[in-house]
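# Remarks on the overall topology
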Amino acid sequence: MTRSATSPMPSPMKRSELLMPAGNLRKLKLAILYGADAVYLGTPDMSLRTKSEFSLEEVIEGVAFCHAHGRRAYLTLNLFSHNKDIDKLDEYIDTVRKVRPDGLIIADPGVFQYVKDRAPELPLHISTQSNICSWLSVKFWQDQGAELCVLAREVSFSELKEIRQKCPDIKLEAFVHGAMCMTYSGRCLLSNFMAERGANQGNCANSCRWNYSFRMRLKDGTVQDLQITDDNADMFEFLLEEGCRPGELMPIEEDARGSYILNSKDLCIMPKLNEYLEIGVDSLKVEGRGKSEYYCAIVARAYRMAIDDYYADPENWDPKPYMRELEAVGNRGYTLAFHEGRLTNYAHNYEHTASLAQWEYAGVVTEVTEEAFLVEVKNKLVAGEVLEFVSPIARETVLLRVYDFENAATGQRAQVVQGSTKTVIRLPFTLFDHEDIDALKLRFPQYSVMRKERALTEEQWNRVRFDKLTQGLEISGTENPAAYAKRRDALAKSIEEDRNTRRFKTNRVGVEGCCGKGCNGCMIFWQDDQYARAREVLLKRKQGQQLSRAEATELKRAVPQL
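Read on for a plain summary of the structure.

Basis of the calculations
Residues numbered from 1 in each chain as written. Predicted model: local features only at pLDDT ≥ 70, side-chain atom pairs only at ≥ 80, totals over all residues. Heavy atoms only, no water. Buried < 20%, exposed > 50% of the residue type's maximum accessible area, 1.4 Å probe, protein only. Helix = DSSP H or I, 4+ residues; strand = E, 2+ residues; numbered from the N terminus. Pairing = 2+ DSSP bridges. Phe/Tyr/Trp six-rings, centres within 6.5 Å; stacked < 30°, edge-to-face > 60°. Lys NZ or Arg CZ within 6 Å of the ring centre and 35° of its normal. Polar contact = N/O pair within 3.5 Å; in protein donor to acceptor, adjacent residues only side chain to side chain. Contact = heavy atoms within 4.5 Å.

## As for the pairing of strand β19 (residues 398–401)
The alternating pattern of β19 places V398 and L400 and L399 and R401 on opposite faces, both of which are buried. In terms of strand pairing, strand β18 (residues 386–390) meets β19 through four bridges, oriented antiparallel. Within the sheet, the bridge partner assigned to V386 lies in β19 and is R401.

Here's what the structure looks like:
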């Protein structure tokens, strides 16, 4: 996101870098356009990300794109080398010299020394896979010639602060957002054992996210399910006992879909981001080279605004607006993880394993013509959908309600567009009846993303409420057993009922109803007499700012002011 358009003037103090993942070339471009100072990327054979979608030509183009925008690009060489990998290193180093990245991320000490000897001009960064958890380890790598150390996720903030004090002359990088591993920085055997996919070769199967069920093996060798019903539930209780804690029995609960005892929530340091900025962490890292391009755009946008606003006015910085933005991205519930030291039960989701959000990726602008946006559809669109255009340049979003969809290639109009077809639709500027069209085109260039509300089941809404409660308790460091039990039980009950009825947060279904946000093109809000007074009020506010329930009740059918 362009700072001149979206952000206050920077402070003269040293600024932390926002580092975003880039799983392919378009994700790289979106991350840069939406505010990243730098990206990290790799190729399948030499980095811990075997699903990397970059060709060599795309890596070169991506690094050039970063440099053209005044940003940085780091390449990953963070594999743990086997003998078969060593013969590739010279060729890789020659390739890196052509690419000219701003740093090379390495985990293996042997590879570090090899590259240092043969390409001393390359800045070397030490990967999180090296498990750097102390200032002593940082000093070791500094003495070896490293320019930057990526600290392990298990480092608490108090430890990070001490490391910063004792190691002022080397750059430090810390994770602030993304998926968490239930083992120690990826030292996991589950993926290898169960799927023959090496977690430390970048090919983790996420076995910890799977659901596990209880089975009985009978004396005759047959295996059967143990069906727990209302009639026999009181007869069973499943408990874990750890060898060094005899008598300390830990219950395990299982629903019809299994048990999720290993399922970590996602890291989100946003509520404490000011603490990281205060002590001068050089690079703030977001995990997710395998995540979607929508994730890259929205997460980069949220942290860009948060960082810039902190430097503009640190005393009045408040994380709430940026948390609302992060809630629009799929997550397993957010946690501060190791920020305070040990994990608490709030850091894991024992009832529900799915990644979830109230919003979803609607589409991306592929071209801006003289008369329309051309948009590649990413999820199913239905007549009456409200599309929210999220700008990489401006903070204000734009809402558009669409009643049918024009295929850009054929001109045919449809009530429904499937997201899996890569259909490109045409959205004429004439639909934006409350916007200045010249300004609109400038605010939403190619690669601008759109999102839309997602209808959730009652089970999913209960998960959202439960996540919000546990996050609040974790951030405040307080306990509320009654509220915790109430929300947990509501979630458990809705999981058991397994109803598939879905509803939007706002009051609409298809072309019926109205969300009351004053969207461009809304035939109900802008034409129905009952919204006349509400229109007058909302026109004085930013688009998308809803009326409160009390205001809506008072204004409904009120006589417009003359």
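That covers the picture; the talk isn't over yet.
## Regarding the packing of aromatic side chains
Under the criterion given, the structure shown has 14 aromatic pairs. Each ring, one from F112 and one from W141, has its centre 5.2 Å from the other, and the planes form 65 degrees; the classification is edge-to-face. Placement of F112 in helix α6 (residues 109–118) and of W141 in helix α7 (residues 135–144) is noted, with a sequence separation of 29 residues between them. Each member of the pair, F112 as well as W141, is classed as buried. Taken together, the ring pairs connect F373, F389, F429, F432 and F444 into an aromatic cluster. Geometry around W135 places K166 over its ring, the cationic atom sitting 5.1 Å from the centre.

## Brief notes about the side chain of S156
Considering the arrangement of structural elements, one finds S156 in the loop between β6 (148–150) and α8 (157–166). A relative accessible area of 6% places S156 in the buried class. In this structure the side chain of S156 is engaged in a polar contact, spanning 3.1 Å, whose partner is the side chain of S158. S156 has contacts with F338, H339, E340 and G341, leaving out every residue within four places of it along the chain.

## Brief notes about unusual backbone geometry
The phi dihedral of R100 falls on the positive side, at around 60 degrees, and the residue is not glycine. Its place among the elements puts R100 in the loop between α5 (89–99) and β4 (103–106). Residue classification places R100 among the exposed residues on the basis of a relative accessible area of 64%. At K422, a position not held by glycine, the phi torsion is positive, near 55 degrees. Along the chain, the position of K422 falls in the loop between β22 (416–417) and β23 (424–428). The class of K422 is exposed, set by a relative accessible area of 65%.

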